[in-house]
Amino acid sequence: MYGSRHQESSRIQLNVGERITGCFALSAGGCDRILEELASCNYCLHPTYRVITVATAAGLERRAALCVRHFITSARAFPELKKLLSA
Ligand SMILES: [Zn+2]
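What comes next is a walk through the structure.

## Here we look at the overall build of the chain
Scanning the chain for helices and strands turns up three helices and three strands. Per-residue burial for the chain yields a buried fraction of 32% across its 87 residues. In the chain, the share of contacts with a sequence separation of at least 24, taken over all contacts with a separation of at least 6, comes to 58%. Here the chain displays about 6000 Å² of accessible surface, and carbon together with sulfur accounts for 54% of that area.

## Details of the coordination of the zinc ion
When a metal carries six donors in an octahedron, the ideal angles between them are 90 or 180 degrees, while four donors in a tetrahedron ideally lie at 109.5 degrees. The coordination sphere of the zinc ion, as far as protein atoms go, consists of Cys-41 (SG), Cys-44 (SG), Cys-67 (SG) and His-70 (ND1), spread over 1.9 to 2.3 Å. One can describe the site at the zinc ion as tetrahedral: its four donor atoms subtend angles covering 103 to 118° at the metal. We note that the donor set of the zinc ion lies within a single chain, spaced as C-x2-C-x22-C-x2-H. Here Cys-44 is found in the loop between α1 (32-37) and β2 (50-55), whereas its partner Cys-67 is found in the loop between β3 (61-66) and α2 (68-77), with 23 residues between them in sequence. For the residue pair Cys-44 and Cys-67, the accessibility class agrees, reading buried in each case.

## Here we look at the pairing of β2
In terms of burial, β2 is a largely internal element, six of the six residues being buried. The side-chain alternation of β2 yields two buried faces, one formed by Arg-50, Ile-52 and Val-54 and the other by Val-51, Thr-53 and Ala-55. Sheet analysis places strand β1 (residues 19-25) next to β2, joined by six bridges and oriented antiparallel. Among the inter-strand pairings, Ile-20 is bridged to a residue of β2, identified as Val-54.

## Overview of the side chain of Arg-50
Locating Arg-50 in the fold gives a position in strand β2. For the buried Arg-50, no salt bridge exists, and the shortest N-O distance to an oppositely charged side chain is 15 Å, to Glu-80. If near-sequence neighbours (up to four positions away) are discounted, Arg-50 is found in contact with Cys-23, Phe-24, Ala-25, Ala-64, Ala-65, Leu-66, Phe-71 and Leu-85.

## Considerations on the pattern of salt bridges
The full count for this structure, using the stated rule, is two salt bridges. Among the ionic pairs, Arg-63 bridges to Glu-61, the shortest N-O distance being 3.8 Å.

## Concerning the nonpolar core
One finds Ile-12, Ile-20, Cys-23, Ile-52, Val-54, Ala-64, Leu-66, Phe-71, Ala-75, Phe-78 and Leu-81 forming the largest nonpolar core, which totals eleven residues. Of all the secondary-structure elements, those providing two or more residues to this core are β1, β2, β3 and α2. Those residues within four positions of Phe-71 in sequence are excluded, and the remaining contacts are Cys-23, Tyr-49, Arg-50, Ile-52, Leu-66, Leu-81 and Leu-85.

About the thresholds
- Residues numbered from 1 in each chain as written.
- Predicted model: local features only at pLDDT ≥ 70, side-chain atom pairs only at ≥ 80, totals over all residues.
- Heavy atoms only, no water.
- Helix = DSSP H or I, 4+ residues; strand = E, 2+ residues; numbered from the N terminus.
- Buried < 20%, exposed > 50% of the residue type's maximum accessible area, 1.4 Å probe, protein only.
- Contact = heavy atoms within 4.5 Å.
- Areas by Shrake-Rupley, 256 points an atom, 1.4 Å probe, with all protein chains shown as cover.
- Donors = N, O, S within 2.8 Å, 3.2 Å for Na, K, Ca; no water.
- Tetrahedral: all angles 85-135°; square planar, octahedral: opposite > 155°, others 65-115°.
- Pairing = 2+ DSSP bridges.
- Lys, Arg positive; Asp, Glu negative; His and termini not counted.
- Salt bridge = Lys/Arg side-chain N within 4 Å of Asp/Glu carboxyl O.
- Core = buried A, V, L, I, M, F, W, Y, C linked by side-chain atoms within 4.5 Å.

In structure tokens:
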């Protein structure tokens, strides 16, 4: 029943007006409280590979933690992610 929707949720979702502003490795630093919150992927329970920062339409910032697999599927959907990674 949910099978056809599965692929849709296997990558980072952006709402209208949102854009990806950054991406960093979890080991790159930051405060412990953030690390704990982002220690595992938002879409499965695997360890986080990259944390994506997203600017919302309201000017706020939210973070999404992605494992290797979900990061790759997200990068495929959002070319700017690939650009940030190689920068
Ligand atoms: Zn994942």
